[in-house]
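What follows is the residue order along each chain.
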Amino acid sequence: VKRPSYATIGIPVDVIVNCFRADVPTGMLHHYDTILPEDKVLPPRVTVWIIRKMQEQNPTVFTKKASYDGRKNLYSPIKYSFGDNAQFEVTDPTRRNPWRIRIQFAAMINPASLDRHIQGQMSHDEMILTTLNACNVAIRMQPIEDHPFNARSFFTRNEYRDMGRGVELWRGYFQSVRPAIGRMMINLDISSAAFYKSGSLIKLCLEYLGRSPESDPTSVLTATRFDQRTKRDLLKFIRTLKVRTRRNGTETAERGIKDLSDKGADALMFKKEDGGLTSVQAYFSQTTGRQLRYPGLVCVQLSKIAWVPIELCEVVPGQFYKKTLNPDQTKHMVDFSTLRPEERLRNIRNGLQVLRYGNSPYLQDFGINVDANPMTIKGRILPTPTLLYGRNQSIQPRDGQWNMRDKQLFRPETITGCAILIYDRRFRPDQEAHLKKSLFNVTQMLGIQGMPPDPPVLRKDATGSAYWNHLKEVAVMHKSAKGNMPNLIIV
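A brief report on the enclosed structure follows.

About the cut-offs
- Residues numbered from 1 in each chain as written.
- Predicted model: local features only at pLDDT ≥ 70, side-chain atom pairs only at ≥ 80, totals over all residues.
- Heavy atoms only, no water.
- Buried < 20%, exposed > 50% of the residue type's maximum accessible area, 1.4 Å probe, protein only.
- Helix = DSSP H or I, 4+ residues; strand = E, 2+ residues; numbered from the N terminus.
- Arc of directions from axis to C-beta.
- Contact = heavy atoms within 4.5 Å.
- Polar contact = N/O pair within 3.5 Å; in protein donor to acceptor, adjacent residues only side chain to side chain.
- Pairing = 2+ DSSP bridges.
- Right-handed = clockwise from strand over helix to strand, strands pointing away.
- Salt bridge = Lys/Arg side-chain N within 4 Å of Asp/Glu carboxyl O.
- Phe/Tyr/Trp six-rings, centres within 6.5 Å; stacked < 30°, edge-to-face > 60°.
- Lys NZ or Arg CZ within 6 Å of the ring centre and 35° of its normal.
- Core = buried A, V, L, I, M, F, W, Y, C linked by side-chain atoms within 4.5 Å.
- Axes fitted to C-alpha atoms, helices over the stretch in contact; angles between N-to-C directions.
- Parallel < 35°, antiparallel > 145°, perpendicular 65-115°, else oblique.
- Left-handed = near helix turned anticlockwise from the far one by under 90°.
- Nonpolar A, V, L, I, M, F, W, Y, C, P; charged D, E, K, R; others polar.
- Expected span 1.5 Å × (residues − 1).

## Section: helix H8 (residues 327–337)
- Residues of H8 that are buried include every one of Gln329, Met333 and Phe336, and no others. Along the axis of H8, the buried residues cluster in a sector spanning 75 degrees; they form a single face.
- Contacts made by the buried residues of H8 are with strand S8 (153–164), strand S9 (167–180) and strand S10 (183–196).
- Sitting at the head of H8, Asn326 places a side-chain oxygen 3.1 Å from the backbone nitrogen of Asp328.

The structure is reproduced here in structure tokens:
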């Protein structure tokens with residue numbers, strides 16, 4: 001339904017927003033279903049690579065670029081010459097057999113319905129949703145070919161921060177095609193994600209274990225000095241991490257880490273094809289033509305039978321770190337992600353250079369042009385509302401700020417029980433006492449009743465992911481001590 005009119009209350013103002021005007025595709029779009037080999041569930045980064053290679057290896061068929069969502073849907077600006085269905089083989093240098101993909105025509109998409117919708121001439125329907133989905137897939141194609149990505153964003157190391165312990169933060173960009181009144185636009189915003197540091201696997205392991213990445217690894221990673229607890233902790237950090245090895249100047253394919261050896265490369269033995277035994281050190285010395293620098297260090301397992309010296313492994317760039325962040329890393333994440341509006345807009349403008357809308361063959365073939373300048377819209381600064389506090393006290397905020405000094409809450413809740421959960425090992429007893437005193441004084445000032453002067457405290461290690469269990473434990477502890485469950489837990 002078209003908006004009948006606009007409100008008039010408030011002071012008119014021009015507002016720069018994180019949106020960019022985009023054209024609605026003018027031609028028909030063609031929707032295909034893609035069926036990957038044996039319907040295997042493959043990671044999106046793999047399926048996107050397969051479909052891209054399929055188009056590159058069949059240029060006479062895919063004369064215009066099709067956009068792929070990483071799962072099942074393929075959108076093309078033209079109807080391909082193979083008709084309603086076809087099967088393609090994609091050569092992959094890392095595999096013995098080619099990938100086999102089946103393509104089947106699904107439907108025609110008419111973008112004219114989306115154009116009529118944003119002009120207020122028709123209501124929302126399934127065709128409009130499908131058109132928006134096709135446009136969203138098209139704008140993502142170029143960035144995800146060039147950068148690591150997840151379900152909503154893609155990331156670049158152009159701006160990053162070291163978080164310590166082998167992890168760093170990368171700046172990312174979220175983009176979404178949206179219908180607006182009289183136009184289609186792309187909403188662009190920034191995001192952040194944690195990544196493993198790339199490069200030497202030895203340096204990554206040293207940094208995770210709290211050592212300098214330039215320190216001597218023999219004092220930490222030598223198999224004979226490697227206690228089982230440290231090994232389990234390190235393996236949890238690097239398990240499934242993808243690495244490459246280099247032999248005689250040739251780089252091997254990416255493979256994920258499965259395990260760490262109990263013995264060094266000089267003592268870890270395996271059976272050769274001729275039936276004889278040899279050590280990992282001797283094997284790699286023979287095949288690479290050079291001696292290992294650290295033969296006593298542990299090896300990593302990359303397949304059922306492949307053990308590789310850790311010094312030969314390089315961490316593949318752009319791998320998400322999906323494990324729980326420790327408190328220091330969480331603080332880095334918050335600081336890195338918090339930007340003032342002008343800084344956020346500057347980052348978004350910089351992101352346009354990474355997005356490369358103007359150079360994307362996918363957008364060009366769809367006929368989608370994107371304005372390089374953020375949109376300016378009309379806004380209104382509404383009159384400031386009066387805030388009413390307890391004892392009928394009122395405040396008139398100025399510039400979005402107000403002072404609560406000597407003010408009580410209008411209708412404060414009563415605290416029937418309070419407990420404190422502390423994760424920071426550096427939080428001293430005198431700081432704990434100061435926290436309790438401050439909480440008691442502040443609640444009294446705000447008119448909140450029931451805060452105990454000495455609430456029970458539970459201290460826990462922040463590692464792992466059992467935070468929900470910790471909350472239940474501190475609640476049960478309070479019930480045991482006070483006879484009831486708390487309605488306030490301070491972490």
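## Topic: the pairing of strand S24 (residues 418–422)
- Counting buried residues along S24, 5 of its 5 residues qualify, which places the element largely inside the surrounding structure.
- Of the two faces of S24, the one lined by Cys418, Ile420 and Ile422 and the one lined by Ala419 and Leu421 are each fully buried.
- As defined by bridge partners, S24 adjoins strand S26 (residues 488–490) across 3 bridges and the pair is classed as parallel. Bridge assignment links Ala419 to a residue of S26, and that residue is Ile489.
- Relative to strand S25 (residues 457–459), S24 runs parallel, the two sharing 3 bridges. Residue pairing across strands places Ile422 opposite Arg459, the latter belonging to S25.
- Crossover S24 to S25 through helix H11 (residues 429–446) is right-handed.

## As for the sheet that holds strand S4 (residues 67–68)
- Here we have 5 strands laid out as an open sheet, ordered S4-S5-S3-S7-S6, and antiparallel in their pairing. Each of the sheet's edge strands pairs with one partner strand only, and the pair in question is S4 and strand S6 (85–90).
- Bridge analysis of S4 against strand S5 (residues 73–76) gives 2 bridges, and the strand direction is antiparallel. In the strand pairing of S5, Tyr68 is matched with Leu74.

## Describing the pattern of salt bridges
- Applying the stated criterion to the full structure yields 27 salt bridges.
- We note a salt bridge from Glu56 to Arg52, for which the minimum N-O separation is 3.7 Å. On the criterion of helical spacing, the pair formed by Glu56 and Arg52 is a turn pair, its members being 4 residues apart in helix H1 (residues 44–57).
- Judged by its relative accessible area of 17%, Arg52 is buried.
- For Asp146, the salt bridge is made with Arg356, and the minimal N-O distance between the two is 2.7 Å. Here Asp146, found in helix H3 (residues 126–146), pairs with Arg356, found in the loop between helix H9 (341–355) and helix H10 (361–366); they are 210 residues apart in sequence, far enough to count as distant.
- The exposure class assigned to Asp146 is partly exposed, which follows from its relative accessible area of 38%.

## Description of the packing of aromatic side chains
- This structure, assessed with the given rule, holds 19 aromatic pairs.
- Pairing Phe82 with Phe88 gives two aromatic rings, centres 5.8 Å apart and planes at 70 degrees, and the pair type is edge-to-face.
- Chaining the aromatic ring pairs together yields one cluster made of Tyr32, Phe62, Tyr80, Phe82, Phe88 and Phe105.
- Over the face of the ring belonging to Phe105 we find Lys79, whose NZ or CZ atom lies 4.4 Å from the ring centre.
- The lysine or arginine in question, Arg157, covers the ring of Tyr160, its NZ or CZ lying 3.8 Å from the ring centre.

## Side note on unusual backbone geometry
- One non-glycine residue, Asn392, lies in positive phi territory at about 60 degrees.
- Following the sequence through the fold, Asn392 ends up in the loop between strand S22 (387–388) and strand S23 (394–395).
- Despite not being glycine, Asp406 has its phi angle at roughly 65 degrees, a positive value.
- Counting through the fold element by element, Asp406 comes out in the loop between S23 and S24.

## With respect to the nonpolar core
- By size, the foremost hydrophobic cluster in this structure holds 55 residues, and its most contacted members are Met54, Ile101, Met184, Tyr357 and Val370.
- Per-element tally for this core: the top contributor is H3, with 9 residues.
- Non-local contacts of Ile101, meaning those with residues more than four positions away in its chain, are made with Ile35, Leu36, Ile50, Ile51, Met54, Ala86, Gln87, Phe88 and Val90.
- Formed by 43 residues, the second largest nonpolar core is a distinct cluster that contains Met163, Val220, Val280 and Val300.

## Describing the side chain of Gln329
- Mapping Gln329 onto the fold places it in helix H8.
- With a relative accessible area of 4%, Gln329 lands in the buried category.
- If near-sequence neighbours (up to four positions away) are discounted, Gln329 is found in contact with Met163, Gly164, Arg165 and Val167.

## Comments concerning the packing of helix H4 (residues 201–208) against helix H6 (residues 228–238)
- At a minimum axis distance of 11 Å, the contact between H4 and H6 shows a crossing angle of 120 degrees. On the basis of their axis angle, the class for H4 and H6 is oblique. In the packing of H4 onto H6, the handedness of the crossing is right-handed. Here Leu204, Cys205 and Tyr208 of H4 come into contact with H6, specifically with Asp233, Leu234, Phe237 and Ile238.
- Considered class by class, the residues forming the contact of H4 with H6 number 6 nonpolar, no polar and 1 charged.

## Here we look at the sheet that holds S9
- Taken together, 4 strands build an open sheet; the order of strands is S2-S10-S9-S8 and the sheet is antiparallel. Two strands lie at the open edges of the sheet, namely strand S2 (19–22) and S8, each paired on one side alone. Strand-to-strand, the axes of this sheet are offset by a mean angle of 30 degrees, without reference to chain direction.
- For S8 and S9, the ladder comprises 8 bridges, and the chain directions are antiparallel.

## Description of the environment of Val243
- Mapped onto the elements of the fold, Val243 is located in strand S12 (residues 242–247).
- C-alpha of Val243 to C-alpha of Pro385: the two residues are 142 residues apart in sequence and 58 Å apart in space.
- Look past the residues within four positions of Val243 in its chain and what remains in contact with it is Leu201, Ala253, Glu254, Arg255, Ile257, Leu302, Cys313, Glu314, Val315 and Val316.

## Some words on helix H12 (residues 467–482)
- Counted at 1.5 Å a residue, the expected span for H12 with its 16 residues is 22 Å, and the 22 Å between its end C-alpha atoms agrees.
- Within the sequence span of H12, burial applies to His470, Val474, Ala475 and His478. Seen end-on, H12 carries its buried residues on one side only, within an arc spanning 135 degrees. Among the exposed residues of H12, those pointing more than 90 degrees away from its buried face are Trp468 and Ser480.
- For H12, the secondary structure elements touched by its buried residues are S24, S25 and S26.
- Immediately downstream of H12, the backbone of Gly483 shows phi near 95 degrees, a positive value.

Remember, this is a structural readout, not a statement about activity or role.
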